[in-house]
Amino acid sequence: MKALLVIDVQESFRQRESWNAVSNPDVAAQVGRLVDHYRAAGDAVVWIIHNEPGTDTVFDAVNGFNVPIAPLAPEKGEPLFTKTAHNAFTTTGLQQFLVERGITELAVCGIRSEQCVETTARVASDLGYRVDYIVDATATMPIEHWDAPAGRSLAEIMADPRTLGTAETVERTCYALAGRFATIRTVDEAVGVQ
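As the structure is a computational prediction, the values presented were derived from the model and not from experiment.

Engineer: Whenever I open this one, the overall build of the protein confuses me. Can you help?
Structural biologist: A count of helices and strands for the protein gives seven helices and six strands. Start at the N end of the protein and walk to the C end: the helices and strands fall as β-α-α-β-β-α-β-α-β-α-α-β-α. Principal axes of the C-alpha set define a box for the protein whose edges measure 45 × 40 × 30 Å. In the protein, buried positions account for 51% of the 194 residues. A separation of at least 24 residues holds for 76% of the contacts in the protein among residues at least 6 apart in sequence. Of the roughly 9300 Å² of accessible surface on the protein, 52% is carried by carbon and sulfur atoms. With 16 positive and 26 negative side-chain charges, the protein shows a separation of 4 Å between the mean positions of the two kinds.

Below, the structure written as C-alpha coordinates:
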(Lines give C-alpha, C1' and ligand atoms only; values in the text may rest on other atoms or scores of the structure.)
Protein backbone atom coordinates (compact mmCIF):
# COMPACT_ATOMS: atom_id res chain seq x y z
CA MET A 1 0.00 0.00 0.00
CA LYS A 2 1.16 3.52 -0.82
CA ALA A 3 0.52 7.03 0.45
CA LEU A 4 1.41 10.53 -0.65
CA LEU A 5 2.35 12.90 2.17
CA VAL A 6 1.61 16.53 1.25
CA ILE A 7 3.69 18.42 3.80
CA ASP A 8 3.08 22.09 4.64
CA VAL A 9 1.97 23.24 1.18
CA GLN A 10 0.15 25.99 3.00
CA GLU A 11 -0.73 29.62 2.53
CA SER A 12 1.45 30.59 5.51
CA PHE A 13 4.59 30.55 3.36
CA ARG A 14 3.07 32.84 0.73
CA GLN A 15 2.57 35.49 3.42
CA ARG A 16 6.30 35.86 4.07
CA GLU A 17 8.68 38.11 2.16
CA SER A 18 10.89 35.07 1.50
CA TRP A 19 8.21 33.65 -0.83
CA ASN A 20 9.51 36.16 -3.40
CA ALA A 21 12.68 34.04 -3.61
CA VAL A 22 11.03 30.59 -3.46
CA SER A 23 12.73 27.87 -5.47
CA ASN A 24 9.54 26.56 -7.04
CA PRO A 25 6.67 29.07 -7.22
CA ASP A 26 4.55 26.41 -8.99
CA VAL A 27 4.95 23.87 -6.19
CA ALA A 28 1.18 23.63 -5.65
CA ALA A 29 0.61 22.71 -9.31
CA GLN A 30 3.27 19.99 -9.13
CA VAL A 31 1.82 18.68 -5.89
CA GLY A 32 -1.61 18.75 -7.54
CA ARG A 33 -0.36 16.40 -10.27
CA LEU A 34 0.78 13.97 -7.59
CA VAL A 35 -2.49 14.26 -5.67
CA ASP A 36 -4.50 13.52 -8.82
CA HIS A 37 -2.32 10.51 -9.62
CA TYR A 38 -2.50 9.02 -6.13
CA ARG A 39 -6.26 9.54 -5.93
CA ALA A 40 -6.79 7.91 -9.35
CA ALA A 41 -4.69 4.92 -8.26
CA GLY A 42 -6.75 4.53 -5.08
CA ASP A 43 -3.77 5.29 -2.86
CA ALA A 44 -3.94 7.42 0.28
CA VAL A 45 -3.37 11.17 0.14
CA VAL A 46 -2.39 12.54 3.55
CA TRP A 47 -2.30 16.26 4.27
CA ILE A 48 0.04 17.78 6.84
CA ILE A 49 -0.21 21.39 8.03
CA HIS A 50 2.36 23.11 10.27
CA ASN A 51 1.02 25.09 13.22
CA GLU A 52 2.82 27.27 15.76
CA PRO A 53 0.10 28.02 18.31
CA GLY A 54 0.45 31.11 20.47
CA THR A 55 3.08 32.75 18.25
CA ASP A 56 0.81 35.17 16.37
CA THR A 57 2.86 34.45 13.23
CA VAL A 58 1.64 33.33 9.81
CA PHE A 59 1.95 29.76 11.17
CA ASP A 60 -0.40 30.38 14.09
CA ALA A 61 -3.80 28.96 13.09
CA VAL A 62 -5.60 31.96 14.59
CA ASN A 63 -4.34 34.06 11.66
CA GLY A 64 -6.05 31.86 9.05
CA PHE A 65 -3.14 30.95 6.79
CA ASN A 66 -2.79 27.30 7.88
CA VAL A 67 -4.70 26.03 4.85
CA PRO A 68 -3.45 24.36 1.66
CA ILE A 69 -2.44 26.67 -1.17
CA ALA A 70 -5.41 26.86 -3.55
CA PRO A 71 -6.57 24.96 -5.46
CA LEU A 72 -5.19 22.15 -3.30
CA ALA A 73 -7.65 20.79 -0.76
CA PRO A 74 -8.30 17.48 0.97
CA GLU A 75 -11.23 15.50 -0.34
CA LYS A 76 -13.75 13.90 1.98
CA GLY A 77 -12.11 11.05 3.85
CA GLU A 78 -8.53 12.26 3.32
CA PRO A 79 -6.80 12.85 6.65
CA LEU A 80 -5.35 16.21 7.59
CA PHE A 81 -2.84 16.18 10.42
CA THR A 82 -1.62 19.31 12.17
CA LYS A 83 1.96 19.18 13.38
CA THR A 84 4.05 21.38 15.64
CA ALA A 85 7.41 19.68 15.00
CA HIS A 86 9.52 19.63 11.84
CA ASN A 87 8.65 16.05 10.89
CA ALA A 88 5.12 14.83 10.23
CA PHE A 89 5.30 11.93 12.70
CA THR A 90 6.27 13.33 16.11
CA THR A 91 3.23 15.41 17.06
CA THR A 92 0.54 13.72 14.93
CA GLY A 93 -1.30 10.42 14.54
CA LEU A 94 0.36 9.81 11.17
CA GLN A 95 2.19 6.64 12.16
CA GLN A 96 -0.98 5.05 13.55
CA PHE A 97 -2.90 5.98 10.39
CA LEU A 98 -0.26 4.39 8.14
CA VAL A 99 0.09 1.22 10.22
CA GLU A 100 -3.68 0.68 10.45
CA ARG A 101 -3.91 0.79 6.65
CA GLY A 102 -0.88 -1.38 5.96
CA ILE A 103 0.92 1.41 4.11
CA THR A 104 4.59 0.63 3.53
CA GLU A 105 5.56 3.03 0.73
CA LEU A 106 5.52 6.82 1.00
CA ALA A 107 6.06 9.66 -1.43
CA VAL A 108 6.89 12.96 0.25
CA CYS A 109 6.51 16.44 -1.19
CA GLY A 110 5.95 19.94 0.11
CA ILE A 111 7.57 22.97 1.72
CA ARG A 112 10.46 23.33 2.82
CA SER A 113 12.60 20.89 0.89
CA GLU A 114 15.42 20.67 3.45
CA GLN A 115 13.38 21.14 6.58
CA CYS A 116 10.00 19.49 7.11
CA VAL A 117 10.02 17.39 3.92
CA GLU A 118 13.57 16.08 4.38
CA THR A 119 13.07 15.49 8.11
CA THR A 120 9.87 13.55 7.46
CA ALA A 121 11.64 11.44 4.82
CA ARG A 122 14.44 10.61 7.25
CA VAL A 123 12.06 9.64 10.07
CA ALA A 124 9.91 7.60 7.68
CA SER A 125 12.96 5.69 6.48
CA ASP A 126 14.03 5.02 10.07
CA LEU A 127 10.53 3.67 10.75
CA GLY A 128 10.91 1.20 7.89
CA TYR A 129 8.98 2.86 5.08
CA ARG A 130 10.23 2.87 1.49
CA VAL A 131 10.37 6.59 0.69
CA ASP A 132 10.30 8.53 -2.57
CA TYR A 133 11.34 12.17 -2.28
CA ILE A 134 9.63 14.02 -5.14
CA VAL A 135 12.15 16.77 -5.72
CA ASP A 136 10.25 19.01 -8.13
CA ALA A 137 7.17 18.93 -5.88
CA THR A 138 9.10 20.60 -3.08
CA ALA A 139 10.03 24.22 -2.54
CA THR A 140 12.36 26.17 -0.30
CA MET A 141 13.71 29.65 0.27
CA PRO A 142 17.28 30.96 0.68
CA ILE A 143 18.86 30.04 4.02
CA GLU A 144 20.71 32.67 5.98
CA HIS A 145 24.11 31.91 7.47
CA TRP A 146 23.78 30.68 11.05
CA ASP A 147 25.45 33.74 12.55
CA ALA A 148 23.69 36.33 10.37
CA PRO A 149 21.92 39.12 12.26
CA ALA A 150 18.20 38.61 12.82
CA GLY A 151 15.54 40.70 11.14
CA ARG A 152 17.22 41.36 7.81
CA SER A 153 15.19 42.09 4.67
CA LEU A 154 15.09 39.62 1.81
CA ALA A 155 17.34 41.93 -0.21
CA GLU A 156 19.94 41.90 2.57
CA ILE A 157 19.73 38.14 2.87
CA MET A 158 20.14 37.69 -0.88
CA ALA A 159 23.10 40.10 -0.98
CA ASP A 160 24.98 38.15 1.69
CA PRO A 161 27.49 35.81 -0.02
CA ARG A 162 27.11 33.40 2.91
CA THR A 163 23.41 32.84 2.16
CA LEU A 164 22.72 29.35 0.87
CA GLY A 165 20.72 29.65 -2.33
CA THR A 166 17.71 27.53 -3.16
CA ALA A 167 19.39 25.47 -5.89
CA GLU A 168 22.23 24.55 -3.53
CA THR A 169 19.75 23.70 -0.78
CA VAL A 170 17.71 21.40 -3.01
CA GLU A 171 20.86 19.72 -4.33
CA ARG A 172 22.26 19.23 -0.81
CA THR A 173 18.96 17.73 0.28
CA CYS A 174 19.01 15.24 -2.58
CA TYR A 175 22.61 14.28 -1.82
CA ALA A 176 21.76 13.76 1.86
CA LEU A 177 18.68 11.60 1.18
CA ALA A 178 19.65 9.59 -1.90
CA GLY A 179 20.71 6.03 -1.22
CA ARG A 180 20.32 6.49 2.53
CA PHE A 181 16.78 7.61 3.32
CA ALA A 182 14.91 7.95 0.03
CA THR A 183 14.86 7.51 -3.71
CA ILE A 184 14.93 10.85 -5.51
CA ARG A 185 12.20 11.10 -8.15
CA THR A 186 10.54 13.76 -10.27
CA VAL A 187 6.80 14.24 -10.60
CA ASP A 188 6.94 12.79 -14.12
CA GLU A 189 8.68 9.68 -12.80
CA ALA A 190 6.21 9.35 -9.94
CA VAL A 191 3.15 9.58 -12.21
CA GLY A 192 4.66 7.43 -14.97
CA VAL A 193 5.19 10.05 -17.66
CA GLN A 194 7.92 9.01 -20.07
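Engineer: In this structure, what is going on with the environment of Gln 95? I would like to understand it.
Structural biologist: Mapped onto the secondary structure, Gln 95 falls in helix α3 (residues 94-100). Here Gln 95 falls in the partly exposed class, since its relative accessible area comes to 28%. With 29 residues separating them along the chain, Gln 95 and Ala 124 place their C-alpha atoms 9.0 Å apart. Excluding anything up to four places from it in sequence, Gln 95 contacts Phe 89, Leu 127 and Tyr 129.

Engineer: What should I look at first to understand the sheet that holds strand β6 (residues 183-185) in this one?
Structural biologist: The strands making up a sheet associate through hydrogen bonds between their backbones, and the pairing can be parallel or antiparallel. Judged by pairing direction, the sheet is parallel, and its six strands sit side by side in the order β3-β2-β1-β4-β5-β6 without closing on themselves. Sheet topology places β3 (80-83) and β6 at the edges, where each strand pairs with a single neighbour. Taken over all neighbouring pairs, the strand axes of this sheet differ in orientation by 25° on average, direction set aside. Packed onto the sheet, helix α2 (residues 27-41) meets β1 (2-7), β2 (44-50), β4 (105-111) and β5 (130-139) and runs at close to 145° relative to β5. Running at roughly 175° to β5, helix α6 (residues 166-177) makes contact with β5 and β6 of the sheet.

Engineer: Explanation requested: empty space enclosed by the protein in the structure shown.
Structural biologist: Taking a probe equal in size to a water molecule and rolling it over the atoms shows the remaining empty space. In total, this model carries one cavity of 30 Å³ or more according to the counting rule given. Of the pockets and cavities examined, the largest cavity occupies roughly 30 Å³. Surrounding the largest cavity, Val 6, Val 9, Trp 47, Ile 48, Ile 49 and Pro 68 form its lining. The leading source of residues in the lining of the largest cavity is β2, at three residues.

Engineer: Could you clarify how one ought to interpret the layout of surface pockets in this entry?
Structural biologist: In this structure, the largest pocket encloses a volume near 290 Å³. Taken together, 16 residues make up the lining of the largest pocket; nearest its centre are Phe 13, Arg 16, Phe 59, Arg 112 and Gln 115. Elements that contribute at least two residues to the lining of the largest pocket include exactly α4 (113-126) and α5 (154-159). The space that makes up the second largest pocket amounts to roughly 200 Å³. Residue composition of the lining of the second largest pocket, grouped by class: seven nonpolar, one polar and six charged.

Engineer: Just to check I follow, could you spell out the environment of Gln 15 for this structure?
Structural biologist: Positionally, Gln 15 belongs in the loop between α1 (11-14) and α2. Gln 15 gets classed as partly exposed once you look at its relative accessible area, which sits at 36%. Distance from Gln 15 to Trp 47, taken between C-alpha atoms, is 20 Å for residues 32 residues apart in sequence. When residues no more than four places from it in sequence are discounted, the contact partners of Gln 15 are Val 58 and Phe 65.

Definitions and cut-offs
Here the residue index of a chain counts from 1 through its sequence in written order. Reporting in this predicted model follows two pLDDT cut-offs: at least 70 for local features of residues, and 80 or more for side-chain atom pairs to be given and counted; totals over whole chains, interfaces and linings ignore these cut-offs and use all residues. The basis for every side-chain value is the complete set of heavy atoms in the structure, and neither hydrogens nor water enter the calculation. A run of DSSP states H or I qualifies as a helix once it reaches four residues; a run of E qualifies as a strand once it reaches two. Both are numbered from the N-terminal end. Each residue is placed in one exposure class: buried if its accessible area under a 1.4 Å probe, protein chains only, is under 20% of its type's maximum, exposed if it is over 50%, and partly exposed if it falls in between. Two residues qualify as a contact provided that any one of their heavy atoms is within 4.5 Å of a heavy atom in the partner residue. Methods summary: accessible areas were calculated by the Shrake-Rupley approach with a probe of 1.4 Å, and residue burial reflects only the protein chains presented. Only four residue types enter the tally: Lys and Arg on the positive side, Asp and Glu on the negative side; His and the chain ends are excluded. Lys charges are placed at NZ, Arg charges at CZ, Asp charges at CG and Glu charges at CD. Here a strand pair is declared whenever DSSP counts at least two bridges between the two strands. An axis is simply a line fitted to the C-alpha atoms; with a helix, the fit covers only the stretch in contact. Between two such axes, the angle follows the N-to-C directions and lies from 0 to 180 degrees. In this analysis a 1.4 Å probe is tested at points of a 1 Å grid over the protein atoms alone, and where it fits but cannot get out there is a cavity; an open set with protein on both sides within 12 Å along at least five of seven lines is a pocket; lining residues have an atom within 4 Å of a point. Grid points are joined across faces, edges and corners, and a volume is the space filled by probe spheres set on the points. Following the grouping adopted for this structure description, the nonpolar residues are Ala, Val, Leu, Ile, Met, Phe, Trp, Tyr, Cys and Pro, the charged ones are Asp, Glu, Lys and Arg, and the polar ones are all others, Gly among them.

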